[in-house]
Amino acid sequence: MLFIVVYFLIKKLIVDNMVKINRSLAKITSGNLDTVVDVRTNEEFASLSDDINSTVLTLKRYIAEAAARIDKELDFAKAIQHSAIPMVFPPYPAHGEFDIYATMDTAKEVGGDFYDFYFVGESKLGFLIADVSGKGIPAAMFMMTAKTLIKGYAESGKSVDEVFTIANAKLCESNEAGMFVTAWMGILTEEELKAVSGGKSTQVPGINCPCCGKFIPITITDLLVQPRIRCPYCLLVLNINQK
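What comes next concerns the included structure.

Definitions and cut-offs
Residues numbered from 1 in each chain as written. Predicted model: local features only at pLDDT ≥ 70, side-chain atom pairs only at ≥ 80, totals over all residues. Heavy atoms only, no water. Helix = DSSP H or I, 4+ residues; strand = E, 2+ residues; numbered from the N terminus. Expected span 1.5 Å × (residues − 1). Contact = heavy atoms within 4.5 Å. Salt bridge = Lys/Arg side-chain N within 4 Å of Asp/Glu carboxyl O. Buried < 20%, exposed > 50% of the residue type's maximum accessible area, 1.4 Å probe, protein only. Core = buried A, V, L, I, M, F, W, Y, C linked by side-chain atoms within 4.5 Å.

### Some thoughts on helix 4 (residues 160-172)
When the terminal C-alpha atoms of helix 4 are compared, their 18 Å separation across 13 residues agrees well with the 18 Å that a helix rising 1.5 Å per residue should span. Tucked into the core, helix 4 has its buried residues touching strand 2 (124-132), helix 3 (136-155), strand 3 (181-188), strand 4 (192-198) and strand 7 (235-239). Downstream of helix 4 by a residue or two, Ser 174 has a phi angle that is positive, lying close to 50°.

Below you can see the structure in the form of structure tokens.
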């Protein structure tokens, strides 16, 4: 009889309280950090509950601080990425013969979409629209590499198809992640537009003819710019006849 009394006393004072605490801990470990342990049948369990709650509060504070730090770093990364693409419009006030505008809105703080434009000679305007596979920091890093390579080769005087061929070969090197970029680039003069696509069958917006103002859509079919695929790129030449 004494044994039974002792058993129920231990069960009530210790086992049942441990079950309650374990239930609360299960909720906490599953991600519900708002759970509060509140077992206070005696001083020991009250102290244990307070210790667990204090630990959870400390963990929540560390998580909040880490999240704030990551947000700050992502904002900084976004500012760096946006500073790498043209953001001032009109970019060439002295050139009244053409107008150009672009904007980039990433799905996340940073991403792989980008554009670029620059002169590759006194009367040749190069412009680029591209999209890197994936999103976030990896896409942004690959975007910076692709953008730098393409611009460097374009400004060296290479033709637009040579630019893509050489840049593609470089992007294939040490690309263990298997990332790729789909891109469209054109070099525009007063007489013609030379363009190349690194992507699937691509319908690009087109251009407005400086003679009659008519919108001219351009369709380009070419291969995908991606790792481990080395191929020539088809060059499209569109003559712009001015009267």
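And the narrative resumes.
### What to know about the pattern of salt bridges
On inspection of all chains with the given rule, the structure shows five salt bridges. Here Asp 116 and Lys 147 are joined by a salt bridge, their closest N and O atoms 3.3 Å apart. Of this pair, Asp 116 sits in strand 1 (residues 113-121) while Lys 147 is found in helix 3, placing the two residues 31 residues apart along the sequence. For the pair formed by Asp 116 and Lys 147, the shared burial category is buried. The network of salt bridges with shared partners includes Asp 38, Arg 40 and Asp 50.

### Brief notes about the nonpolar core
Membership of the largest hydrophobic core comes to 37 residues, with the highest contact counts inside it found for Phe 114, Val 132, Ile 150, Phe 164, Val 181 and Met 185. Elements represented by at least two residues in this core include exactly strand 1, strand 2, helix 3, helix 4, strand 3 and strand 4. Tallying contributions element by element places helix 3 first for this core, with eight residues. Counting residues in hydrophobic clusters, the runner-up holds eight residues, among them Val 39, Phe 45, Ile 52 and Val 56.

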